Amino acid sequence: MKKLIVGLVLLLLCTSVAEGWWGRGRHKKGPDRGSGYTLSVAASDASAKVRASADYICDGVDDQVQIQAAIDALPAIGGKVSPGEGTFSINGKINLRSYLTLKGYGRNTIFQATATLMETMLEADTKTDVVVSDMTIDGTGQGGASSYGLYLKTVKRFSLSNLYICDTNKDTLIVSDCNDGTINNITTVNSGNHAVFIGYGSTFINCSNIISRNPGTEHICIEWQTDGRNNENIAVSNVNGTGSTQSGIYIQHAKDIAVSNCTIVDFATDAVDISDAENISISNCIFKTSTTEYKKGIHVTSTAKRIVINNCILEGIHKTAFYVDGNSVLISNCYTYDCKADLYVSATGSYVGLFNNHFEYNTWGSCEIAGSYVLMQGNVWSNTSTTPTQLVYLRTGCSNITIVDNDMTPAVLSEGNKIHEETAISSLVARNNRSVGRTATGTITLQPWWGEVPVDSSGAAVTATLPGGRYIGETITIVMTEASNSSTVSVTNHETEDPEVGTFDAVDETWVLMWTGTEWATIKATCTF
């Protein structure tokens, strides 16, 4: 019996010592990381019940002191600090530690900067396993030139989620030289600089579900590092941004970056700017602007390579939808509408593929190519403005251009041809492209590379000239599609007479010719001569 009483006394003593060591609240648990260890912090405007049960109580002045005390009071193996609902007045930096979870109660947990705060509100430097979630970080009143909302640098394994960050003096959220992290469900409003900045050698980061309104520069910036380290293996998805004063998304000194399912509206310069980068994919995105500033859609600079752009919509771009200075660029299944121009490949651009895209209504001209090794296949032009003089403009010096199996039928031009080439173009292959012949009262040139040319003479008779072909065996088929008026087609370098003139006066009449190397030979004709 005595042994039993002594045992009970010892057990009670051990329990009392444990409570004295680990904290006073009944909700407390031991420092086992599996079960968690939590300290609560009450705001000055919290209810009396919440304040009575809190481990730390703020008075509305320098509340970062109590929050920091709770963070520092956690055991070495970490734990959770839980600020409750209410407004916490922040007048100094809160330093986050390793193995910390700082989790509020949603948007009603507000960390609000004072006018005298001259630095970042929340910062983690050289830490491991940091979680910040479920709160508002309000930078209203921040006075420092380098005042960020939430700043992580050299942090390994982190999670930032369910945050509303607004009115910061500089970036709302910055991740520098960090790896193995997630940024999810973040809303940023009125950032002084970037909404979300990921850079300086950051790797293996998933950034998703971002709402960004009116940042001082970009919505998403993946930035370079002066010592040459890349930002690698970063995924950005489901970004909804509007009102940036520079580019929508900026990617520099990076590789293996995937951007998907983003909607960026009313950017000031480029929708996406890719520089010093490789292995970049942009997919399932919408980039739209109604402003008249001189800007590009997706800009691939000369220092970028292996870029894939797929299934994107670009609307209202006041310069060029796709501006390519780089190499190895694939653009497929995209739609452009009401852009000044659709594509520009500069003299430094090469190995560019344009597949199955739809271009609708441009006012400058569609595609201008000055580079080399460009393949255009399966693209469609529709409802093109009458202003541009050609759909594909080949600059002097471009080479190895292949234009096949495209449909330019609905496009109407004010003058010129749908493929126009300057002098000194080498290695051009253009065939099997579908196009309407222009309805005209004067003489026009039908290019041989269309494969099949419908001739519509509903307005007046058409007299057209077919120049020399490009390779032996090349064929062209001229088809009458409307016969309100008869049409004549004059063919130079013909096998029997130069020029040979065919007359079309019925729908579906055809004239098939083949280039022999020195002349066009009639293979089959249902028109009259």
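Being a predicted model, the structure only gives us computed values, none of them experimental.

Draft legend 1. Inspection of the overall build of the protein at higher detail. Along the protein, the regular secondary structure elements total 3 helices and 43 strands. A buried classification covers 51% of the 529 residues belonging to the protein. Taking the intrachain contacts of the protein between residues at least 6 apart in sequence as the baseline, contacts between residues at least 24 apart amount to 57%. Entry remark: accessible area of the protein is about 21400 Å², with carbon and sulfur atoms responsible for 50%.

Draft legend 2. Spotlight on the confidence of the model for the protein. In this model, the protein carries a mean pLDDT of 85, and residues with pLDDT of at least 70 account for 84%. For the stretch residues 1-35, pLDDT sits under 50, and the model shows 28 contacts to residues farther than four places along the chain or on other chains.

Draft legend 3. Here's a closer look at the pairing of strand β25 (residues 335-339). When strand β22 (residues 313-315) meets β25, the two strands line up parallel, connected through 3 bridges. Following the sheet pairing, Leu314 is matched in β25 by Thr336. Pairing analysis gives 4 bridges linking β25 to strand β28 (residues 358-362), with the strands arranged parallel. Counterpart to Tyr337 in the pairing with β28 is Glu360.

Draft legend 4. Structural view of the environment of Ile369. With respect to the helices and strands, the residue Ile369 is situated in strand β29 (residues 367-369). By relative accessible area, Ile369 is classed as buried at 0%. Sequence spacing of Ile369 and Gly349 is 20 residues, and the spatial spacing of their C-alpha atoms is 8.8 Å.

Draft legend 5. Quick peek at the packing of aromatic side chains. Summed over all chains, the structure comprises 8 aromatic pairs. Ring geometry for Tyr323 versus Tyr344: centroids 5.0 Å apart, planes at 45°, classification tilted. You can see Tyr323 sitting in strand β23 (residues 320-324) and its partner Tyr344 sitting in strand β26 (residues 341-345), a full 21 residues away along the chain. A residue is classified by how much of its surface remains accessible, and Tyr344, at 19% relative accessible area, is buried. When the ring centre of Tyr151 is taken as origin, the NZ or CZ atom of Lys153, which lies over that ring, is 5.2 Å away. Note that Lys296 overlies the ring of Tyr323, its terminal NZ or CZ placed 5.0 Å from the centroid.

Draft legend 6. Representation of unusual backbone geometry within the structure. That bond from Asp498 to Pro499 is cis: its omega, 0°, falls within 30 degrees of zero. Looking at where Pro499 falls in the secondary structure, it is placed in the loop between β40 (487-491) and β41 (500-504). The phi torsion at Tyr373 lies on the positive side, around 55°, for a residue other than glycine. Under the relative-accessibility criterion, Tyr373 is labelled partly exposed at 39%.

Draft legend 7. View of helix α3 (residues 64-73). Along α3, the residues that are buried comprise Gln64, Ile67, Gln68, Ala70 and Ile71. Angular distribution of buried residues about the axis of α3 spans 160°; they occupy a single face of the element.

Draft legend 8. Representation of the nonpolar core in the model. One finds Leu96, Ile183 and Ile282 to be the most contacted residues of the largest nonpolar core, which totals 100 residues. For this core, the element with the most residues is strand β9 (residues 150-166), which contributes 7 residues. Residues contacting Ile282, with those up to four places away along its chain left out, are Val259, Val272, Ile274, Phe287, Ile298, Val308, Ile309, Asn310 and Cys312.

Draft legend 9. Main features of the pattern of salt bridges. If you walk through the whole model with that rule in mind, you get 7 salt bridges. In this structure, Asp129 engages Arg157 in a salt bridge whose closest nitrogen and oxygen atoms are separated by 2.9 Å. Remark: Arg157 occurs in strand β9 and Asp129 occurs in strand β8 (residues 122-138); sequence separation between them is 28 residues. Salt bridges sharing common partners tie together Lys93, Glu123, Asp125 and Lys153.

Draft legend 10. Spotlight on the environment of Gly86. Looking at the secondary structure, you find Gly86 in strand β4 (residues 86-90). Put simply, Gly86 and Asp45 are 41 residues apart on the chain and 5.8 Å apart in space, counted from C-alpha to C-alpha. Sequence-distant contacts of Gly86, defined by excluding residues within four places in its chain, comprise Ala43, Asp45, Asn108, Thr109 and Ile110.

Draft legend 11. Spotlight on the side chain of Asp134. Mapped onto the secondary structure, Asp134 falls in strand β8. Although Asp134 is buried, it makes no salt bridge; Lys103 carries the closest opposite charge, 4.2 Å away. The contact partners of Asp134, leaving out residues within four places of it in the chain, are Lys103, Gly104, Tyr105, Gly106, Thr109, Ser161, Asn162 and Leu163.

Draft legend 12. Fine view of the environment of Thr477. Note on placement: Thr477 falls in strand β39 (residues 475-482). You can call Thr477 buried: its relative accessible area is 18%. C-alpha of Thr477 to C-alpha of Val512: the two residues are 35 residues apart in sequence and 4.4 Å apart in space.

Draft legend 13. Local environment of the side chain of Ser202. Relative to the elements of secondary structure, Ser202 occurs in the loop between β12 (196-199) and β13 (203-213). Residue classification places Ser202 among the buried residues on the basis of a relative accessible area of 0%. At 3.1 Å, the side chain of Ser202 and the backbone nitrogen of Cys178 are in polar contact. Excluding residues within four positions of it along the chain, Ser202 makes contact with Val175, Ser176, Asp177, Cys178, Asn230, Asn231, Glu232 and Ile234.

Draft legend 14. How the structure looks around the state of the cysteines. Per the counting criterion, the structure on display carries 0 disulfides. In this structure Cys312 is not part of a disulfide, and its nearest cysteine sulfur, from Cys285, lies 4.7 Å away.

The rules behind these values
- Residues numbered from 1 in each chain as written.
- Predicted model: local features only at pLDDT ≥ 70, side-chain atom pairs only at ≥ 80, totals over all residues.
- Heavy atoms only, no water.
- Helix = DSSP H or I, 4+ residues; strand = E, 2+ residues; numbered from the N terminus.
- Buried < 20%, exposed > 50% of the residue type's maximum accessible area, 1.4 Å probe, protein only.
- Contact = heavy atoms within 4.5 Å.
- Areas by Shrake-Rupley, 256 points an atom, 1.4 Å probe, with all protein chains shown as cover.
- pLDDT = per-residue confidence, 0-100.
- Pairing = 2+ DSSP bridges.
- Phe/Tyr/Trp six-rings, centres within 6.5 Å; stacked < 30°, edge-to-face > 60°.
- Lys NZ or Arg CZ within 6 Å of the ring centre and 35° of its normal.
- Arc of directions from axis to C-beta.
- Core = buried A, V, L, I, M, F, W, Y, C linked by side-chain atoms within 4.5 Å.
- Salt bridge = Lys/Arg side-chain N within 4 Å of Asp/Glu carboxyl O.
- Lys, Arg positive; Asp, Glu negative; His and termini not counted.
- Polar contact = N/O pair within 3.5 Å; in protein donor to acceptor, adjacent residues only side chain to side chain.
- Disulfide = S-S within 2.5 Å.

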